[in-house]
Amino acid sequence: DQQVKQNSPSLSVQEGRISILNCDYTNSMFDYFLWYKKYPAEGPTFLISISSIKDKNEDGRFTVFLNKSAKHLSLHIVPSQPGDSAVYFCAANRDNAGNMLTFGGGTRLMVKP
Amino acid sequence: KAGVTQTPRYLIKTRGQQVTLSCSPISGHRSVSWYQQTPGQGLQFLFEYFSETQRNKGNFPGRFSGRQFSNSRSEMNVSTLELGDSALYLCASSLQPTNEKLFFGSGTQLSVL
């Protein structure tokens, strides 16, 4: 069963506007969440993370929101830039589980100039 | 600082053969994780090593194995290759195996014919 789901396989946004990528999870044991960005022919690159004790974490243009009761997190990119075009993966982990991440299926973001 | 290095970049094998993939983590990083990426299953955790010990293992058959050396370099081996093993194999490293952001290599693209 997919414990981490990204229901939108793709998203298209105009440059300068907000991009919102969504992720849902089912395992209530998850308490640490991360977002990675992946360009073709490269490995994923860490973007931002959030612990379950927080509901928001911000880093520059990137903000992650966590709604534990809904088991939902979202990544906001403001303003979106063409260089943000990539596949975005959300991932989840449990405490004391090392780096055993469970990834969502990814969302392809296209930012149009 | 050099990033995570994976060799080889591409591999073509036939069914029944075995393959060994190599990963050199970022200098000073002692935790190494392996992930498999396929179009159908997405990114899936294979195993994690820290200080030459396997800490966690994903839900993969025993044909998939790995090890870590005293210099933190890691190898993974797949024996009796099947067509379904065709995938991008990603290695990631971190300082500690404690919910840290992972630094991924560019991966080894394995094709099984």
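Structure shown above.
Source: prediction; values computed, not measured.

Caption draft 1: Region of interest: the overall build of chain B. Secondary structure assignment for chain B yields zero helices and eleven strands. The linear arrangement of helices and strands in chain B, starting from the amino end, is β-β-β-β-β-β-β-β-β-β-β. In terms of overall dimensions, chain B has C-alpha extents of about 35 × 25 × 25 Å along its principal axes. Of all 113 residues assigned to chain B, the portion counted as buried reaches 50%. Long-range pairs, those at least 24 residues apart, make up 55% of the contacts in chain B between residues at least 6 apart in sequence. Of the roughly 5,300 Å² of accessible surface on chain B, 48% is carried by carbon and sulfur atoms. The averaged location of the 6 negative side-chain charges in chain B is 4 Å from the averaged location of its 11 positive side-chain charges.

Caption draft 2: Expanded view of the packing of aromatic side chains. For the structure shown, the criterion picks out twelve aromatic pairs over all chains. An angle of 70° between the planes, with centres 6.4 Å apart, marks the rings of phenylalanine 103 of chain A and phenylalanine 104 of chain B as edge-to-face. With phenylalanine 103 of chain A in strand β10 (residues 102–103) and phenylalanine 104 of chain B in strand β10 (residues 103–104), the pair connects residues from two separate chains. Here phenylalanine 103 of chain A and phenylalanine 104 of chain B have matching classes, each one buried. An aromatic cluster is built from Tyr36, Phe46, Phe89 and Phe103 of chain A together with Tyr35, Phe45 and Phe104 of chain B, whose rings are joined through pairwise contacts.

Caption draft 3: Layout of the pairing of strand β5 (residues 42–50) of chain B. Residue and element names in this part refer to chain B. Counting buried residues along β5, eight of its nine residues qualify, which places the element largely inside the surrounding structure. Hairpin connection, strand β4 (residues 31–38) to β5: the antiparallel pair is bridged by three residues. Bridging between β5 and strand β6 (residues 53–57) involves four bridges; their strand directions are antiparallel. Following the sheet pairing, phenylalanine 50 is matched in β6 by threonine 53. Counted between consecutive antiparallel strands, the loop separating β5 from β6 contains two residues, among which serine 51 sits at a positive phi close to 50°.

Caption draft 4: Inspection of the environment of valine 112 of chain B at higher detail. Residue and element names in this part refer to chain B. When you line up the elements, valine 112 lands in strand β11 (residues 108–112). Since its relative accessible area comes to 6%, valine 112 is described here as buried. When the C-alpha positions of valine 112 and arginine 67 are compared, they lie 22 Å apart, and in sequence the two are 45 residues distant. Setting aside residues up to four positions removed in sequence, valine 112 forms contacts with Lys13, Thr14, Arg15, Leu81, Glu82, Leu83, Asp85 and Ser86.

Caption draft 5: Structural view of the sheet that holds strand β8 (residues 74–78) of chain B. Residue and element names in this part refer to chain B. The antiparallel open sheet is built from four strands, whose spatial order is β1-β3-β8-β7. Single-partner strands in this sheet number two, and they are β1 (5–7) and β7 (64–68). Geometrically, the sheet is characterised by an average inter-axis angle of 15° between neighbouring strands, direction not taken into account. Across three bridges, β1 lies against strand β3 (residues 19–24) in antiparallel orientation.

Caption draft 6: Summary view of the nonpolar core. All names here are of chain A. Counting residues in each nonpolar core, the largest one holds 23 residues, and the members touching the most others are Phe33, Trp35, Leu73, Leu75 and Tyr88. Put simply, the parts of the chain that give this core at least two residues each are β3 (19–25), β4 (30–38), β5 (45–51), β7 (62–67), β8 (72–77), β9 (86–94) and β11 (107–112). Ranked by residues supplied to this core, first place goes to β9 with four residues. Ignoring anything within four residues of it in the chain, the contact list for leucine 75 reads Ser19, Ile20, Leu21, Trp35, Leu47, Ile48, Phe62, Thr63 and Tyr88.

Rules behind the numbers
Residues numbered from 1 in each chain as written. Chains lettered and ligands numbered in written order. Predicted model: local features only at pLDDT ≥ 70, side-chain atom pairs only at ≥ 80, totals over all residues. Heavy atoms only, no water. Helix = DSSP H or I, 4+ residues; strand = E, 2+ residues; numbered from the N terminus. Buried < 20%, exposed > 50% of the residue type's maximum accessible area, 1.4 Å probe, protein only. Contact = heavy atoms within 4.5 Å. Areas by Shrake-Rupley, 256 points an atom, 1.4 Å probe, with all protein chains shown as cover. Lys, Arg positive; Asp, Glu negative; His and termini not counted. Charge placed at Lys NZ, Arg CZ, Asp CG, Glu CD. Phe/Tyr/Trp six-rings, centres within 6.5 Å; stacked < 30°, edge-to-face > 60°. Pairing = 2+ DSSP bridges. Axes fitted to C-alpha atoms, helices over the stretch in contact; angles between N-to-C directions. Core = buried A, V, L, I, M, F, W, Y, C linked by side-chain atoms within 4.5 Å.

Such coordinate-based values are descriptive only and should not be taken to indicate function.
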